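# Results of the structural survey
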Amino acid sequence: MQWMLSALSGELDFAEWFLSLLNQGKDAFLQGFSYIMAAIIAPAAVLMLLKFALPGANAQKTAAFVCRLSCIASLTAVFTRMQSISEALLHEVSALSNVLTPVLISSAALAGAETSAAFLSPMTALCANLTENMLAVWGIAISSAASGIAIAGNLSSTIQLKRLHSMLKRILHWGTGGLLAAFTAILTLQGRLGAGRDSAATRTARYAIENLIPVVGGNVSDSLDSLLSTAQMVKNALGASGLMLLACVFIEPVIKMIGTILFVHFSAAIIEPLGEESLISFAEQFADSIEMLLITCTTAVVLCMLLIGSCISTVGSSLR
Amino acid sequence: MGAQWLLDSVRTIAAATAVVAVAECAVSDSASDSNLRLVCGAVAASSILQLLSACIQRLF
């Protein structure tokens, strides 16, 4: 966020910023990679060695249980960190939406799109409500539940809960997909209806000015387009800044989550030849749980982007 | 938090499987192993059933 403010004020040295970003990324990458590799690969390797060293079946079962517990404890700490990152991101997206969209809607109304602005006002409340009450509560809860099921299903070798985990994953996928589809449909419908009414209102105003104001009516009517175009430019600049701010808020947590998912999958691929199925299964289900957090966050950001994009396109359509 | 019941249900399932996992380490012969598998399966299935019934109660 700090670099964004520096860039806006014209004080950013881009080369220096890019190099520092690369260094930070490299450090974080190595740290996260080594932690996750140690959390998954080390227990698998220790377990393989203990299977040769320990004679009895019970001792081997106990060793497998302890190794599984160690892996679960390490990855649960990673999931807790990812969950707090997701919650912070959802809170920031919601706050950004609450601050930005009223300004954009007011600008849309000033640019002649009063009906569209009136249509978009409840959509702001809907977007905030969906982000705060659906995604921040249910999205995070279902992801956490999936993580818990991944842990519970891999503690014991006799009880498998893969299908319950898969069901939670599908519920989240269908829920977020349906939410996005419904929100997009409502926005598109309202945008179409509002654009038609705004266009008619602008033409009526232009006609009234031309015919009711004597002598200078034509000149005033011509200046109306310039006035609305200027308001539209201001609105578009605001919208573009909002989208950039949203991208700045979104990019860091997303890179962390994608990196973690890839590390976990990579570690699972490494331990596959060792033959410890429960650890592989846990690692994959755990990566799926982080992916669910990522989907939740992405849905919130896309909702906000759709709303901002709709504000920008609303202003454009009023001048047709 | 509105989704607390979901997390509570998952905790119950996790507790059941944790008990099963500990008991599993103590069992040595194959007959006890299959009996344990039966009991554990029943416990886990009843926990999942409780989760689903809690879900249905809150939805409808």
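Residues numbered from 1 in each chain as written. Chains lettered and ligands numbered in written order. Predicted model: local features only at pLDDT ≥ 70, side-chain atom pairs only at ≥ 80, totals over all residues. Heavy atoms only, no water.

### So, the overall build of chain A
Scanning chain A from terminus to terminus reveals seven helices and zero strands. Each helix (α) and strand (β) of chain A, taken in turn from the N terminus, gives the series α-α-α-α-α-α-α. Scaling as 2.2 N^0.38, a compact globule of 320 residues should have a C-alpha radius of gyration of about 20 Å, whereas chain A reaches 27 Å, well beyond that. Overall, chain A is about 105 × 45 × 25 Å in size when its C-alpha atoms are taken along their principal axes. Every one of the 320 residues in chain A was classed for burial, and the buried ones make up 45%. As displayed, chain A has an accessible area near 15,500 Å², and 68% of this comes from carbon and sulfur atoms. Looking at charge distribution, chain A has the averaged site of its 16 positive side-chain charges lying 11 Å from that of its 19 negative ones. (Helix = DSSP H or I, 4+ residues; strand = E, 2+ residues; numbered from the N terminus. Rg over C-alpha atoms; globule rule 2.2 N^0.38 Å. Buried < 20%, exposed > 50% of the residue type's maximum accessible area, 1.4 Å probe, protein only. Areas by Shrake-Rupley, 256 points an atom, 1.4 Å probe, with all protein chains shown as cover. Lys, Arg positive; Asp, Glu negative; His and termini not counted. Charge placed at Lys NZ, Arg CZ, Asp CG, Glu CD.)

### Quick word on the confidence of the model for chain A
Residues with a pLDDT of 70 or more make up 95% of chain A, whose mean pLDDT is 83. Across chain A, the element-wise mean pLDDT spans from 68 in helix H1 (residues 2–9) of chain A up to 87 in helix H7 (residues 277–317) of chain A. (pLDDT = per-residue confidence, 0-100.)

### Concerning the layout of surface pockets
Within this model, the largest pocket holds a volume of roughly 1,200 Å³. Every residue lining the largest pocket is counted, 35 residues in all, and those nearest its centre are Ile251, Glu252, Pro253, Ile255 and Lys256 of chain A. The residue makeup of the lining of the largest pocket, split by class, is 23 nonpolar, seven polar and five charged. The space that makes up the second largest pocket amounts to roughly 520 Å³. Around the second largest pocket sit 19 residues that line it, and Trp138, Ile142 and Ile171 of chain A together with Cys55 and Leu59 of chain B are the ones nearest its centre. Listed by contribution, the elements that provide at least two residues to the lining of the second largest pocket are helix H4 (114–155) and helix H5 (162–212) of chain A together with helix H1 (4–26) and helix H2 (30–59) of chain B. Here the lining of the second largest pocket takes seven residues from H5 of chain A, the largest share from any one element. Considered class by class, the residues forming the lining of the second largest pocket number 15 nonpolar, three polar and one charged. (1 Å grid on protein atoms, 1.4 Å probe; cavity = no way out; pocket = protein on both sides within 12 Å on 5 of 7 lines; lining within 4 Å. Points joined across faces, edges and corners; volume = space filled by probe spheres on them. Nonpolar A, V, L, I, M, F, W, Y, C, P; charged D, E, K, R; others polar.)

### Overview of the confidence of the model for chain B
Mean pLDDT over chain B works out to 80, with 97% of the residues at or above the 70 mark. For this predicted complex, the interface confidence comes out at an ipTM of 0.84, alongside a pTM of 0.84.

### Points about the packing of H1 of chain B against H2 of chain B
Residues and elements named next belong to chain B. Here H1 crosses H2 at 180°, and the two axes come no closer than 9 Å. On the basis of their axis angle, the class for H1 and H2 is roughly antiparallel. Residues Trp5, Leu6, Ser9, Thr12, Ile13, Ala16, Val20, Ala23 and Glu24 of H1 pack against Leu36, Cys40, Val43, Ser47, Ile48, Gln50, Leu51, Ala54, Cys55 and Arg58 of H2. Considered class by class, the residues forming the contact of H1 with H2 number 13 nonpolar, four polar and two charged. (Axes fitted to C-alpha atoms, helices over the stretch in contact; angles between N-to-C directions. Parallel < 35°, antiparallel > 145°, perpendicular 65-115°, else oblique. Contact = heavy atoms within 4.5 Å.)

### Here's the deal with the nonpolar core
Grouped together as the largest cluster of nonpolar side chains are 65 residues, with contacts concentrated most on Ile40, Phe183, Met257, Phe282 and Phe286 of chain A. Elements that contribute at least two residues to this core include exactly helix H2 (14–53), helix H3 (57–110), H4, H5, helix H6 (217–271) and H7 of chain A together with H1 of chain B. Take this core: its biggest share by element is 18 residues, from H7 of chain A. Within the second largest apolar cluster, 27 residues are counted, among which are Leu161 of chain A together with Ala14, Val27 and Ala44 of chain B. (Core = buried A, V, L, I, M, F, W, Y, C linked by side-chain atoms within 4.5 Å.)

### Observations concerning the pattern of salt bridges
When their charged atoms lie close together, side chains carrying opposite charge are able to pair. Residues and elements named next belong to chain B. Counted by the stated rule, this structure contains three salt bridges over all chains. Linking Arg11 and Asp8 is a salt bridge whose minimum nitrogen-to-oxygen distance equals 2.9 Å. You can see Arg11 and its partner Asp8 sitting in helix H1, three residues apart, about one turn around the helix. Assessed through its relative accessible area of 49%, Arg11 is described here as partly exposed. (Salt bridge = Lys/Arg side-chain N within 4 Å of Asp/Glu carboxyl O.)

### Quick look at the packing of aromatic side chains
Residue and element names in this part refer to chain A. Taken as a whole and assessed by the stated rule, the structure comprises three aromatic pairs over all chains. Ring centres of Phe282 and Phe286 lie 6.0 Å apart, and the angle between their planes is 40°; this geometry places the pair in the tilted category. Of this pair, Phe282 and Phe286 both sit in helix H7, separated by four residues, roughly a single helical turn. Neither residue differs from the other here; Phe282 and Phe286 are each classed as buried. Pairwise contacts between aromatic rings join Phe79, Phe282 and Phe286 into one cluster. (Phe/Tyr/Trp six-rings, centres within 6.5 Å; stacked < 30°, edge-to-face > 60°.)

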